[in-house]
Amino acid sequence: MKKIVFTFGIIAGFINIMTGILLTNLGGEEMMHSNTQWIGYLVMIIALSLIFIGVKQYRDQYLGGVIKFGKAFLIGLYISLVAGAIYVGTWEVYLAATDLNFMETYSTSVIEGMKAEGASPSEISEMEEQMEYYTKMYENPISRMFITLTEILPVGLIISVISAALLRKSTFMPSEENMNPDATVI
């Protein structure tokens, strides 16, 4: 199980970070701060779809085509955690290497976006207070890592549940691929 978990978790993690790096380098900081979260989550969904493949491969190759929901979910969760660890670790390295003050630039872009959309001064003031709170929270490395993990882990949990529900099999169903030609099925 470890081999499948690490293989698919590492691949999913690298798909996420490589796509993020590519998008950031192509679009610059504007891409990082604009309303493009849907692109990030789409990439996460695509990358974490490897959970389905990993669970199926484990079921078929190691368990003879039978897996219960709980075991399938745990494999998906473990793959999500490996991918999440890579995602968080890479973000921490990126912040340290680039000396990027992410929350400051993110806060500025959110406030400017609200002003451009014509938000009221009270709404802007309220958002500035929220951003100040999040900026202070983001300064703590443990809080920052937790925040970063909460971006990817819920997606992994949802895909793990869906994969476990679709791939669970409680009884062995012989097929042409795994059936002995000399055996008879009653």
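These figures come from a predicted structure and were not determined experimentally.

Engineer: Would you mind going over the overall build of the protein chain in detail, with residue names and values included?
Structural biologist: Secondary structure assignment for the protein chain yields 7 helices and 0 strands. Sequence-ordered secondary structure for the protein chain, helices as α and strands as β, is α-α-α-α-α-α-α. In the structure as shown, the protein chain presents an accessible area of about 11,600 Å², 64% of it carried by carbon and sulfur atoms.

Engineer: How would you sum up the pattern of salt bridges? Please name residues and give values.
Structural biologist: Inspection of every chain in the model, using the stated rule, returns 4 salt bridges. Salt-bridge contacts for Arg144 lead to Glu92; the nearest nitrogen and oxygen are separated by 2.8 Å. Residue Arg144 is found in helix H7 (residues 141-167), and its partner Glu92 is found in helix H4 (residues 69-98); the two are separated by 52 residues along the sequence. Like Glu92, Arg144 is buried. Note that Lys136 is salt-bridged to Glu132, the shortest N-O span being 3.7 Å.

Engineer: Lay out the packing of helix H3 (residues 50-62) against H4 with the relevant residues and their values.
Structural biologist: Two elements in contact, H3 and H4, have axes separated by 9 Å at closest approach and are oriented at 135 degrees. Of the possible angle classes, the one that applies to H3 and H4 is oblique. The element H3 and its partner H4 pack so that their crossing is right-handed. Residues Ile51, Gly54, Val55 and Tyr58 of H3 form the contact with H4, whose participating residues are Lys71, Ala72, Ile75, Gly76, Ile79 and Ser80.

Engineer: Summarise the side chain of Ser160; cite the residues concerned and give the values.
Structural biologist: Structurally, the position occupied by Ser160 is in helix H7. Among the residues examined, Ser160 registers a relative accessible area of 0% and is labelled buried. Within the structure, Ser160 has its side chain in polar contact with the backbone nitrogen of Leu77 (distance 3.4 Å). Not counting residues within four places of it along the chain, the set of residues in contact with Ser160 comprises Ile51, Phe73, Gly76, Leu77 and Ser80.

Engineer: Which residues make up the environment of Ala83, and what values do they have?
Structural biologist: With respect to the secondary-structure elements, Ala83 resides in helix H4. Between the alpha carbons of Ala83 and Leu48 there is a distance of 8.1 Å; along the sequence they are 35 residues apart. If sequence neighbours within four positions are ignored, Ala83 has contacts with Gly9, Ala12, Gly13, Leu48 and Ile152.

Engineer: So what's going on with the packing of helix H5 (residues 102-116) against helix H6 (residues 121-139)? Which residues, and what values?
Structural biologist: Packing of H5 against H6 brings their axes to within 10 Å, and their N-to-C directions diverge by 170 degrees. Taken together, H5 and H6 sit at an angle that is classed as roughly antiparallel. Judged by residue contacts, Phe102, Met103, Tyr106, Ser107, Val110, Ile111, Met114 and Lys115 of H5 engage Glu123, Ile124, Met127, Glu128, Met131, Tyr134, Thr135 and Tyr138 from H6. Among the residues forming the contact of H5 with H6, the class breakdown is 11 nonpolar, 2 polar and 3 charged.

Engineer: Break down the packing of aromatic side chains for me, with residues and values.
Structural biologist: In the structure shown here, the tally under the stated rule is 4 aromatic pairs. Geometrically, the ring pair formed by Trp91 and Tyr94 is stacked, given 5.7 Å between the ring centres and 25 degrees between the ring planes. Taken together, the positions of Trp91 and Tyr94, both in helix H4 and 3 residues apart, correspond to about one turn of that helix. Residue classification places Trp91 among the buried residues on the basis of a relative accessible area of 18%. The side chain of Arg144 reaches across the aromatic face of Tyr138, ending 5.9 Å from its centre.

Engineer: Describe a negative patch on the surface, naming the residues involved and giving the relevant values.
Structural biologist: On the surface, Glu123, Glu126, Glu128 and Glu129 cluster together into a negatively charged patch. Topologically, Glu126 is positioned in helix H6.

Engineer: Describe the side chain of Arg59, with residues and values.
Structural biologist: Relative to the assigned elements, Arg59 resides in helix H3. Judged by its relative accessible area of 7%, Arg59 falls in the buried class. Within polar-contact distance, the side chain of Arg59 engages the side chain of Asp60 at 2.8 Å.

Rules behind the numbers
Residues numbered from 1 in each chain as written. Predicted model: local features only at pLDDT ≥ 70, side-chain atom pairs only at ≥ 80, totals over all residues. Heavy atoms only, no water. Helix = DSSP H or I, 4+ residues; strand = E, 2+ residues; numbered from the N terminus. Areas by Shrake-Rupley, 256 points an atom, 1.4 Å probe, with all protein chains shown as cover. Salt bridge = Lys/Arg side-chain N within 4 Å of Asp/Glu carboxyl O. Buried < 20%, exposed > 50% of the residue type's maximum accessible area, 1.4 Å probe, protein only. Axes fitted to C-alpha atoms, helices over the stretch in contact; angles between N-to-C directions. Parallel < 35°, antiparallel > 145°, perpendicular 65-115°, else oblique. Left-handed = near helix turned anticlockwise from the far one by under 90°. Contact = heavy atoms within 4.5 Å. Polar contact = N/O pair within 3.5 Å; in protein donor to acceptor, adjacent residues only side chain to side chain. Nonpolar A, V, L, I, M, F, W, Y, C, P; charged D, E, K, R; others polar. Phe/Tyr/Trp six-rings, centres within 6.5 Å; stacked < 30°, edge-to-face > 60°. Lys NZ or Arg CZ within 6 Å of the ring centre and 35° of its normal. Patch = residues over 30% accessible without salt bridge, like charges linked within 9 Å, V, L, I, M, F, W, Y side chains within 5 Å. Lys, Arg positive; Asp, Glu negative; His and termini not counted. Charge placed at Lys NZ, Arg CZ, Asp CG, Glu CD.

On their own, these measurements won't tell you what the molecule is for.
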